[in-house]
Structures are given as structure tokens and as C-alpha cells.
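In case you want the letters, here they are:
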Amino acid sequence: KIIDYGMDRFCVDPDGADWDWAQLTSYLENLCLRHGCIEKNKALVDESGRAAFIEALKQDAHDFYEERETLLGEIGVDMREFERTILLIAVDRRWMDHIDAMDQLRDGIGFRAYSGKNPVTEYQIEAGHMFAELNHLIQEDTVRRLYQARVERTPERVQQAKPMEARAGGDQPRQPR
């Protein structure tokens, strides 16, 4: 969905003549594609068309994700748990923002009556747009974190001092005078 959204937003012209390559590259390569992927696949637009270009981008994103899954698995990260955690963080953050925005909408919707519009209808329309935007932002945040998060294995802690009970000879710490 993210690749389709990027294509719909930055590549409106079907033949590629007026595409905003810089924005498309910045958007997708900072979300879910390897850097250089768009430049590598640009020729597909002229050779095979928009659909082939989109399919190549989706395949690259899929391959990139599988590599990340393998690398994270090698350091002991359960990918499904990682996905759940990232999604919950994104939903929590964006949902709180959405609730605040809905409160602001509710507080200001009455002013639309002055322009001759039905405030209830306007509220429903605006709330629908806001909910669609909420879903998109959650998807973007989740994809960005899944593809770009840096996960490191925490070093194992080595115990340096022996516990008090294990000291030889019953040595007790000195009491302050």
C-alpha cells in the first residue's frame, strides 16, 4: 500500500513524463526500499510501463524485508513479536494525536453552521477523512520502523564481584566507626 500511495502521490502521469522522481525517491527509499532502487528500476517505466515498475519496487521491498527478518532472527529477535510491538507503538502514538484532533474538530464544527452547512454532516465527512489519514500514518510509521529500526543485541552481563555469602573465610565488611 505504501508503494501504491507513493506512486499515486508523486507519479500521476501514466507514462512517467511528469513524475516527481526526487520526491518519490525520498519518500519510498526512506520508508521501505533500499537506497538506489528507484534509480536502478527507472528504465522499466519506458520499457514495460508503470505496472512493471511498481511490481519491481514491491519485489525489492519484499526482498529487503526478508533480509531484515533474517538478520534480526540471527541476533535472536522474534520478528512477529517485533512487528506487534512496532504496530502497537504506532497505533498508540497516532491514536492519541487523533483523539486530540477529533476534540478540536468537535469544538470548532459549530462554526460551519454560519456558512450554511450542516455541522453534523460536515463533522462526519471531516472525521472520515481524519480516520483515513490516521490509518495511513499508522501504516507509514509501522513500515518505517520495521525497515529502518536498528536493533542490537544487548551484551551479556558478566558478574564481577562475588555475592557476600560466597566470600571465603567468612569475611564480613567493615562497619564504619
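I will try to describe carefully the structure that is included in this document. (Residues numbered from 1 in each chain as written. Predicted model: local features only at pLDDT ≥ 70, side-chain atom pairs only at ≥ 80, totals over all residues. Heavy atoms only, no water.)

## As for the packing of aromatic side chains
Moving on, step 1. Tallying each qualifying case throughout the model produces 7 aromatic pairs.
Moving on, step 2. Seen from their ring centres, Y5 and Y27 are 5.9 Å apart, and the 55° between their planes marks the pair as tilted. With Y5 in helix α1 (residues 2-10) and Y27 in helix α2 (residues 21-29), the pair connects residues that are 22 residues apart, well separated along the chain.
Moving on, step 3. Relative accessible area serves as the criterion here: at 12%, Y27 is assigned to the buried category.
Moving on, step 4. Ring geometry for F64 versus Y147: centroids 5.5 Å apart, planes at 45°, classification tilted. In this pair, F64 is assigned in helix α5 (residues 50-74) and Y147 in helix α7 (residues 119-148), connecting sequence segments 83 residues apart.
Moving on, step 5. For F64, a relative accessible area of 16% gives the class buried.
Moving on, step 6. Residue class for Y147 comes out buried when judged on its relative accessible area of 11%. (Phe/Tyr/Trp six-rings, centres within 6.5 Å; stacked < 30°, edge-to-face > 60°. Helix = DSSP H or I, 4+ residues; strand = E, 2+ residues; numbered from the N terminus. Buried < 20%, exposed > 50% of the residue type's maximum accessible area, 1.4 Å probe, protein only.)

## What to know about the pattern of salt bridges
Moving on, step 1. Here the structure, examined in full by the defined rule, presents 13 salt bridges.
Moving on, step 2. R34 serves as the salt-bridge partner of D60, at 2.5 Å between the closest nitrogen and oxygen. One end of the pair, D60, is in helix α5; the other, R34, is in the loop between α2 and α3 (37-41), and 26 residues separate them in sequence.
Moving on, step 3. When the shortest N-O distance is used, the salt bridge between E81 and R84 registers 3.1 Å. You can see E81 and its partner R84 sitting in helix α6 (residues 79-108), 3 residues apart, about one turn around the helix.
Moving on, step 4. If you follow the salt bridges from partner to partner, you end up with R93, R94, D141 and R144 in one network. (Salt bridge = Lys/Arg side-chain N within 4 Å of Asp/Glu carboxyl O.)

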